[in-house]
Amino acid sequence: MYEKSPAYVHLLLYQCQRCDEPIAISVKSDEANLEGVDGDLIDVPCKCGSVKKSFGAEAKCHWVASWDDSPNSETQRPSVYGAVDEPERESTN
C-alpha cells in the first residue's frame, strides 16, 4: 500500500511595492520547518500586474499548517505549526 508522507502548506504574505496591496502565496511542502521555504525563490504576482521574484524569507509573515486530508487524521482542520510575524521588540522594563 502506498504510504503518503505528511504534507504541509506554507502561507506567505507579501506586500506589493507598486500598489501596496497584500499578496498571499501558498506553497505545499513535505517539511513543516520555515527554513525549507525561506530559501526558495517564489513568483509573487499582484492583481495590479506587477510580478516580482522574492525569497520566502522576504515575506512579511509566514505560517505553516498541516495539510493531511486522510480520513484517519486526528485534526479536522489544519493546525498552525509556526508563524513568523514582526521581529521581537525589546522590553523597556
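Residues numbered from 1 in each chain as written. Predicted model: local features only at pLDDT ≥ 70, side-chain atom pairs only at ≥ 80, totals over all residues. Heavy atoms only, no water.

Trainee: I would appreciate a short explanation of the nonpolar core in the present structure.
Mentor: Note that soluble globular proteins tend to have their nonpolar side chains buried in a common cluster. Within the largest apolar cluster, 10 residues are counted, these being Leu12, Tyr14, Cys16, Ile23, Ile25, Val37, Ile42, Val44, Cys46 and Ala59. When contributions to this core are tallied by element, the ones reaching two or more residues are strand S1 (8-15), strand S2 (22-29) and strand S3 (41-45). Apart from residues lying up to four places away in sequence, Ile25 is in contact with His10, Leu11, Leu12, Tyr14, Ile42, Asp43, Val44 and Pro45. (Core = buried A, V, L, I, M, F, W, Y, C linked by side-chain atoms within 4.5 Å. Buried < 20%, exposed > 50% of the residue type's maximum accessible area, 1.4 Å probe, protein only. Helix = DSSP H or I, 4+ residues; strand = E, 2+ residues; numbered from the N terminus. Contact = heavy atoms within 4.5 Å.)

Trainee: Just to check I follow, could you spell out the pairing of strand S4 (residues 51-55) for this structure?
Mentor: Residues in a regular strand project their side chains so that they alternate between the two faces of the sheet. Relative to S4, S3 runs antiparallel, the two being bridged by five bridges. By the bridge assignment for S4, Pro45 is matched with Val51. (Pairing = 2+ DSSP bridges.)

Trainee: Explain unusual backbone geometry here, please?
Mentor: Backbone geometry follows two general trends: most residues other than glycine have a negative phi, and most peptide bonds adopt the trans configuration. Unusually for a residue other than glycine, Asp20 sits at a positive phi of about 70°. Note that Asp20 resides in the loop between S1 and S2.

The values reported here are purely geometric and, on their own, carry no functional implication.
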